[in-house]
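Understanding the architecture of this molecule
The chain contents come next:
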Amino acid sequence: MNEYDYCRFVDGVQYGVKENNTEKPFAAVIGVNALVDFSGKKVDILSHVDGFPVTLIDKRAFSDCRHINEVVLPDTITIIEPSAFEESGIRSITIPDSVTKIGSFAFHDCKNLEKINFGNGLKYISNCAFASCNKLKEIIFPASLETLFLSAVEACEKLEHIHFDGDCFEFNDGDYMG
């Protein structure tokens, strides 16, 4: 995890604020309160915390949160870090246009994930990002996508259709397509 200047909970979601960042101050989602029952509830991520834009979902922020079924991401998010939602209970996710990168294992082993709506700003999907999402039947990658690791959708047992809105990627023996 990144080091933050301070952290705070808002509606059961923990945010970290990096106000002394040399580039640009920001906030991030860094976890959830284990004592809050999110069962059957939608988790709305704030777009700003204390005036700072929430720009990333940090590593393992929702990992292993099997009781969380739906997370709504604001259009301030630019990066979904590795393992951010790994083994969570989410059923569908809409990735806003602002997201440019999805890290490795970000949605790995989300057994209930059936639908992904990608925004048009996504450029990079890392290895095993959606691997072992067993209810996922179809995936449509956006035209903006430049790099896609071959393992991004491995072991998705029910995956029948993979579509690319943009130019066709060439599958090769390397670690990624792009």
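As the structure is a prediction and not an experimental result, all values here were calculated from the model.

Quick look at the overall build of the chain
Looking only at helices and strands, one finds 0 helices and 16 strands in the chain. For the chain, whose C-alpha radius of gyration is 16 Å, the value lies close to the compact-globule estimate of 16 Å for 178 residues. Seen through its principal axes, the chain has C-alpha atoms that stretch 45 × 35 × 20 Å. Considering the chain as a whole, with its 178 residues, one finds that 50% of them fall into the buried category. For the chain, the accessible surface area stands at approximately 9,000 Å², while carbon and sulfur atoms represent 45% of it.

Some points on the environment of T55
With respect to the secondary-structure elements, T55 resides in strand 6 (residues 52-57). Along the sequence, T55 and T78 sit 23 residues apart, while their C-alpha atoms lie 5.3 Å from each other. Residues in contact with T55, not counting those within four places in the same chain, are F26, A27, T76, I77, T78 and I79.

Section: the side chain of N134
When you line up the elements, N134 lands in the loop between strand 12 (124-125) and strand 13 (138-141). Setting aside anything within four residues of it in sequence, one finds N134 in contact with C110, K111, A155, C156, E157 and K158.

As for the environment of G16
In this structure, G16 sits in strand 2 (residues 13-18). The sequence separation of G16 and K59 amounts to 43 residues, and the corresponding C-alpha distance is 12 Å. Contact partners of G16, with chain neighbours within four places excluded, come to Y4, Y6, C7, F26, A27, A28 and I30.

A word on the nonpolar core
In this structure, F62, I80, I102, F107 and F130 are the most contacted members of the largest nonpolar core, which totals 50 residues. For this core, the secondary-structure elements that each account for two or more residues are strand 2, strand 3 (26-32), strand 6 and strand 13. The contact partners of F107, leaving out residues within four places of it in the chain, are I80, F85, I90, I93, I95, I102, L113, A129, F130, A131 and C133. Of all hydrophobic cores here, the second largest spans 5 residues; its members include Y4, F26, A28 and L56.

Things to note about the pattern of salt bridges
Going through the model one piece at a time under the given rule, you end up with 6 salt bridges. Notably, a salt bridge pairs D50 with R8, separated by 2.4 Å at the nearest N-O pair. Residue D50 is found in the loop between strand 5 (48-49) and strand 6, and its partner R8 is found in strand 1 (residues 6-10); the two are separated by 42 residues along the sequence. Residue E146 is joined to K123 by a salt bridge in which the shortest nitrogen-to-oxygen separation is 3.9 Å. You can see E146 sitting in the loop between strand 13 and strand 14 (147-149) and its partner K123 sitting in the loop between strand 11 (115-117) and strand 12, a full 23 residues away along the chain. On the basis of relative accessibility, which here comes to 38%, the residue K123 falls in the partly exposed class. What you see here is one network of salt bridges that share partners, running through D64, R66 and E87.

Quick look at the pairing of strand 1
The pairing of strand 1 with strand 2 spans 5 bridges and is antiparallel. Considered in strand 2, the bridge of F9 is made with Q14. Hairpin remark: strand 1 followed by strand 2, antiparallel, with 2 residues in the connecting loop; positive phi at D11, about 50 degrees.

The rules behind the values
Residues numbered from 1 in each chain as written. Predicted model: local features only at pLDDT ≥ 70, side-chain atom pairs only at ≥ 80, totals over all residues. Heavy atoms only, no water. Helix = DSSP H or I, 4+ residues; strand = E, 2+ residues; numbered from the N terminus. Rg over C-alpha atoms; globule rule 2.2 N^0.38 Å. Buried < 20%, exposed > 50% of the residue type's maximum accessible area, 1.4 Å probe, protein only. Areas by Shrake-Rupley, 256 points an atom, 1.4 Å probe, with all protein chains shown as cover. Contact = heavy atoms within 4.5 Å. Core = buried A, V, L, I, M, F, W, Y, C linked by side-chain atoms within 4.5 Å. Salt bridge = Lys/Arg side-chain N within 4 Å of Asp/Glu carboxyl O. Pairing = 2+ DSSP bridges.

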